[in-house]
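Here are the chains, one letter per residue:
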Amino acid sequence: QQPRSRRGGLYGDWQIKMKFGEREVESILSFSRDQEGQYVGQWISFWGMNELKDVKFEDNKLSFTQVIRFQDQEITSKFTGTIEEGELSGLLISDRGETEIQGKRAPRTPRGVGSWEMKIKAGEREYTGILTITADKEGNLSGMWKSDRGESEVSDVKYEDRKLTFKRVIQRENNQ
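Since the structure is predicted, the reported quantities are computational estimates derived from the model, not experimental observations.

What counts, and at which threshold
- Residues numbered from 1 in each chain as written.
- Predicted model: local features only at pLDDT ≥ 70, side-chain atom pairs only at ≥ 80, totals over all residues.
- Heavy atoms only, no water.
- 1 Å grid on protein atoms, 1.4 Å probe; cavity = no way out; pocket = protein on both sides within 12 Å on 5 of 7 lines; lining within 4 Å.
- Points joined across faces, edges and corners; volume = space filled by probe spheres on them.
- Helix = DSSP H or I, 4+ residues; strand = E, 2+ residues; numbered from the N terminus.
- Nonpolar A, V, L, I, M, F, W, Y, C, P; charged D, E, K, R; others polar.
- Pairing = 2+ DSSP bridges.
- Axes fitted to C-alpha atoms, helices over the stretch in contact; angles between N-to-C directions.
- Patch = residues over 30% accessible without salt bridge, like charges linked within 9 Å, V, L, I, M, F, W, Y side chains within 5 Å.
- Areas by Shrake-Rupley, 256 points an atom, 1.4 Å probe, with all protein chains shown as cover.
- Salt bridge = Lys/Arg side-chain N within 4 Å of Asp/Glu carboxyl O.
- Lys, Arg positive; Asp, Glu negative; His and termini not counted.
- Charge placed at Lys NZ, Arg CZ, Asp CG, Glu CD.
- Buried < 20%, exposed > 50% of the residue type's maximum accessible area, 1.4 Å probe, protein only.

Chemist: Describe the layout of surface pockets, naming the residues involved and giving the relevant values.
Modeler: Of the volumes computed, that of the largest pocket is approximately 480 Å³. Along the walls of the largest pocket sit 23 residues, with Met18, Phe20, Gln66, Ile68 and Phe70 positioned nearest its centre. Elements with a contribution of two residues or more to the lining of the largest pocket: strand 1 (12-20), strand 2 (23-33), strand 3 (39-45), strand 4 (48-58), strand 5 (61-70), strand 6 (73-84), strand 7 (87-94) and strand 8 (97-105). Among the elements that line the lining of the largest pocket, the one with the most residues is strand 5, at 4 residues. Here the residues of the lining of the largest pocket are counted per class, giving 11 nonpolar, 9 polar and 3 charged. Approximately 160 Å³ is the volume attributed to the second largest pocket.

This is how it looks when you write it as structure tokens:
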């Protein structure tokens, strides 16, 4: 069995665009597998997040059902389309008509990015703080440290071989 390339697969986030009246609306489709190995997905938009039903992906063909609730109404739409070379395209059809959808795979967020509650032990004392790691468009990591003692920038942030490393300079009175 051939290993699958990430470019041709389903998993991950997709930035999609569709016409909604005269406006172009952007949303995110996010696909993964559940514990039983079945495809699952979410449609994340300005209106919130909806779980997708009956997600199927085989031979680059994608289909799913979306159910949206507006007040006391329920709108069911069926999507059929393809994923090829990192591009998603197809039609979303409901009893209100059909809408063309185009999308591209969203850049993957580098591992380590997020806000982390950290505990530091120094002798008998324990300190807590929040380490927030961000990434630029090239995937380079940077970070900030915040605690009740103030905030400071962290440098040389790296996540390699499941290990996070960084440097932090603390200034207390005249010491660094």
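Chemist: With reference to specific residues and values, describe the sheet that holds strand 6.
Modeler: Around the barrel, 8 strands lie side by side as 1-2-3-4-5-6-7-8; this closed barrel has antiparallel pairing. Taking the axes of each pair of neighbouring strands and ignoring which way they run, one obtains an average angle of 30° across the sheet. Of the pairings in the sheet, the one linking strand 5 to strand 6 comprises 10 bridges and is antiparallel in character. By the bridge assignment for strand 6, Thr65 is matched with Lys78.

Chemist: Explain a positive patch on the surface to me, using residue names and the numbers behind them.
Modeler: Residues Arg108, Arg111, Arg162 and Lys163 make up a contiguous surface patch of positive charge. Along the chain, the position of Arg111 falls in the loop between strand 8 and strand 9 (114-122). Arg111 gets classed as exposed once you look at its relative accessible area, which sits at 56%.

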